[in-house]
Amino acid sequence: MIKLLHGADFHLDSAFSALLPEQAAQRRQEQRRALEQLEQIGRSCDIILLSGDLFDSARIYRDTLEALKQCFRSLSAHVFISPGNHDYIAPGSPYLTEDWGENVHIFTSPEIRRIRLPELNCHVYGAAFTAAEMPELLGDFRVEDPDVMNLMVLHGDLQPHSPYNPLSPAKIAASGLDYLALGHIHSPGTQQFGSTLCAYPGCLMGRGFDECGQKGVYAVALEKGSCRTRFIPLDVRRYEIRTVEVGEDPIAAIRAALPEDASRDCYRILLTGESEPLELRDLEAQLRDDFYSLSLLDRTMPKKELWAAAAEDTLRGHFLRRLKAEYDRSDAEQQDKLVRAAKLVTALMDGREVAL
Ligand SMILES: [Mn+2]
């Protein structure tokens, strides 16, 4: 059995432009530290496949290069890298200029190349982006020896007309590969095409609210005819979006709706329901210590005195007058029902979404 670690889309040295400058610097530092977790997981592996976009751009800090090289140096595994659309091979690329060590192989050509690992009875194929956009790279690829374990590491997109190496399921199924280690899509997932298991491990850590939830890498146990993937979440800061109905006490409602400790995570909270006007800055100030970063969005509807419009000479007024008259001569149980009916119908008249 071959033990494989598959990661992608580290996007090291991202700008984190939505954060304050000092927080952005801190987040880049955290990205480097996440490499230490990778190092831990990689220690027990034979092969590490990294499917591109390891760097967010060509602007890379020296600290980052050293952290990545240190990670690879400490591993005995064979490391294979296929550069993607953010870190494509171009003159001056650190993939060409740095000394990455004996155990690291970086694919530098858009033509698919093969590396043999005879001691593992395994062939590793790969190719590189050499521009920010690339046409299809797989072509009519077939494995050269179907009896060995055949792996490929590639940056690409399963969307048919993608400018980022569009991959066709039929061509993947015809390739004879056992495992196709993909990068580009930032949430994890696997798909089987023919005898080929395709996987996107997702990105290393969330960088914004379009990258919510748990992030990590795949550990894969490979045997001919059987690839078993296990998602390993990394212990990194998360981005989450929640919707909270404010009720009478927005602070209490927000705290009640969240996990016990969100203090190192980034939250966007959409406040809904009926409410007095909210002072978002005050609320954020009160909740500051509960989150690493918090943005509140006010989606509440103004609170209205239920029968206020009963005097209006409108359809709404007519409806509310009839209901109010009935309310005044009803018992408590019936009054509850009438209040609910009045709220429902006025909400519908306001064109609001109503949960029944
Ligand atoms: Mn990409």
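Per chain, the residues get numbers from 1 upward, laid out in the order the sequence is written. At least 70 in pLDDT is required for a residue's local features to be given in this predicted model, at least 80 for side-chain atom pairs to be given and counted, and no such filter applies to totals for whole chains, interfaces and linings, which use all residues.

1. What to know about the packing of helix H1 (residues 21-42) against helix H2 (residues 62-73)
Phase 1 of the analysis: Orientation is described by lines fitted to C-alpha atoms, with helices fitted over the stretch in contact, and by angles between N-to-C directions that extend from 0 to 180 degrees. The way it works is that DSSP assigns letters per residue, a run of H or I at least four long becomes a helix, a run of E at least two long becomes a strand, and they are numbered from the N terminus. One way to put it is that H1 packs onto H2 with a least axis distance of 9 Å and a crossing angle of 5 degrees. Regarding the angle of H1 to H2, the classification is roughly parallel. Within the contact between the two elements, H1 uses Arg32, Leu35, Leu38 and Glu39 and H2 uses Asp63, Thr64, Ala67, Leu68 and Cys71.
Phase 2 of the analysis: By the convention adopted, Pro, Cys, Tyr, Trp, Phe, Met, Ile, Leu, Val and Ala count as nonpolar, Lys, Arg, Asp and Glu as charged, and the other residues, Gly among them, as polar. Its residues assigned to classes, the contact of H1 with H2 comprises five nonpolar, one polar and three charged. Each angle receives one of four descriptions, namely roughly parallel if under 35 degrees, roughly antiparallel if over 145, roughly perpendicular if within 65 to 115, and oblique otherwise. Here the contact rule is simple: place C-beta atoms from the backbone, and any two residues whose C-beta atoms are within 7 Å are in contact.

2. Notes on the sheet that holds strand E3 (residues 78-81)
Phase 1 of the analysis: Two strands are said to pair when DSSP picks up at least two bridges between them. Spatially, the six strands line up as an open sheet ordered E4-E3-E2-E1-E11-E12, and their pairing is mixed. A single partner strand is all that each edge strand has here, and the edge strands are strand E4 (104-106) and strand E12 (226-233). When the angles between neighbouring strand axes are averaged without regard to direction, this sheet yields 20 degrees.
Phase 2 of the analysis: In the sheet, strand E2 (residues 47-50) pairs with E3 via four bridges, with the strands oriented parallel. Pairing of Ile47 across the sheet is with His78, part of E3.

3. Focus: the domain arrangement of the protein chain
Phase 1 of the analysis: Here the bounds of each domain stem from an automatic or database domain assignment. Partitioning the protein chain into domains gives domain 1 (2-233), domain 2 (239-302) and domain 3 (308-349).
Phase 2 of the analysis: On a C-alpha basis, the centroid separation for the pair domain 1 and domain 2 is 37 Å.
Phase 3 of the analysis: Between domain 1 and domain 2, the contact holds six residues from the first and five residues from the second.
Phase 4 of the analysis: Of the residues in the side of domain 1 that touches domain 2, the class split is three nonpolar, two polar and one charged.

4. Some points on the pairing of E12
Phase 1 of the analysis: Of the pairings in the sheet, the one linking strand E11 (residues 216-223) to E12 comprises eight bridges and is antiparallel in character. Residue Tyr218 lies in a different strand from E12, and its bridge partner there is Phe231.
Phase 2 of the analysis: Hairpin connection, E11 to E12: the antiparallel pair is bridged by two residues, and Gly225 has positive phi, about 85 degrees.

5. Thoughts on the nonpolar core
Phase 1 of the analysis: In these notes, a nonpolar core means any group of buried Ala, Val, Leu, Ile, Met, Phe, Trp, Tyr and Cys residues linked to one another through C-beta atoms within 7 Å. A residue is called partly exposed when the number of other C-beta atoms within 10 Å of its own lies between 12 and 20, exposed at 12 or fewer, and buried at 20 or more, with C-beta atoms placed from the backbone. Grouped together as the largest cluster of nonpolar side chains are 63 residues, with contacts concentrated most on Leu49, Leu151, Tyr179, Leu180 and Ala181.
Phase 2 of the analysis: Here this core takes five residues from strand E7 (residues 149-155), the largest share from any one element.
Phase 3 of the analysis: Leu49 has contacts with Leu4, His6, Phe80, Leu151, Val153 and Ala181, leaving out every residue within four places of it along the chain.
Phase 4 of the analysis: Among the nonpolar cores identified, the runner-up in size contains seven residues, and Val246, Ile254, Cys266 and Ile269 belong to it.

6. Re the sheet that holds strand E6 (residues 122-126)
Phase 1 of the analysis: The sheet built from six strands is open, its strands ordered E5-E6-E7-E8-E10-E9 with mixed pairing. Lying at the two open borders of the sheet, with one neighbouring strand each, are strand E5 (113-117) and strand E9 (189-193). Strand-to-strand twist across the sheet, computed as the mean angle between neighbouring axes with direction ignored, equals 20 degrees.
Phase 2 of the analysis: Across five bridges, E5 lies against E6 in antiparallel orientation. Within E6, the position partnered with Arg116 by the bridge is His123.

7. Digging into unusual backbone geometry
Phase 1 of the analysis: Not every positive phi belongs to a glycine, and His11 is a case in point at roughly 50 degrees.
Phase 2 of the analysis: By the element assignment, His11 lies in the loop between strand E1 (2-7) and H1.
Phase 3 of the analysis: The class of His11 is buried, set by 23 C-beta atoms lying within 10 Å.

8. Notes on helix H8 (residues 332-349)
Phase 1 of the analysis: In a helix, the anticipated span is given by 1.5 Å times the number of residues less one. Between the first and last C-alpha of H8 there are 26 Å, a value that for 18 residues agrees with the 26 Å anticipated at 1.5 Å per step.
Phase 2 of the analysis: The positive-phi residue at the C-terminal boundary of H8 is Gly351, with phi of around 75 degrees.

9. Comments concerning the packing of helix H5 (residues 250-257) against helix H6 (residues 280-287)
Phase 1 of the analysis: Direction vectors running N to C along H5 and H6 enclose 50 degrees, while the axes themselves pass 11 Å from each other. Taken together, the axis directions place H5 and H6 in an arrangement best described as oblique. Handedness of the crossing formed by H5 with H6: right-handed. Side by side, H5 and H6 meet where Pro250, Ile251 and Ile254 of the first sit next to Leu283, Gln286 and Leu287 of the second.
Phase 2 of the analysis: Residues belonging to the contact of H5 with H6 are distributed by class as follows: five nonpolar, one polar and no charged. By definition, any crossing whose near helix is turned counterclockwise from its far helix by less than a right angle is left-handed, and any crossing with a clockwise turn is right-handed.

10. With respect to the pairing of E1
Phase 1 of the analysis: The buried fraction of E1 is high, at five of six residues.
Phase 2 of the analysis: Examined bridge by bridge, E1 and E2 share four bridges and lie parallel to one another. If you follow His6 over to E2, its bridge partner there is Leu49.
Phase 3 of the analysis: What joins E1 to E2 is H1, and the crossover it makes is right-handed. Orienting the strands away from the viewer, one traces the path from the first strand over the helix to the second; a clockwise path indicates a right-handed crossover.

11. Digging into the environment of Gln191
Phase 1 of the analysis: Counting through the fold element by element, Gln191 comes out in strand E9.
Phase 2 of the analysis: Judged by C-beta crowding, with 14 C-beta atoms within 10 Å, Gln191 ranks as partly exposed.
Phase 3 of the analysis: A sequence separation of eleven residues divides Gln191 from Leu180, and the C-alpha atoms of the two residues are 9.9 Å apart.

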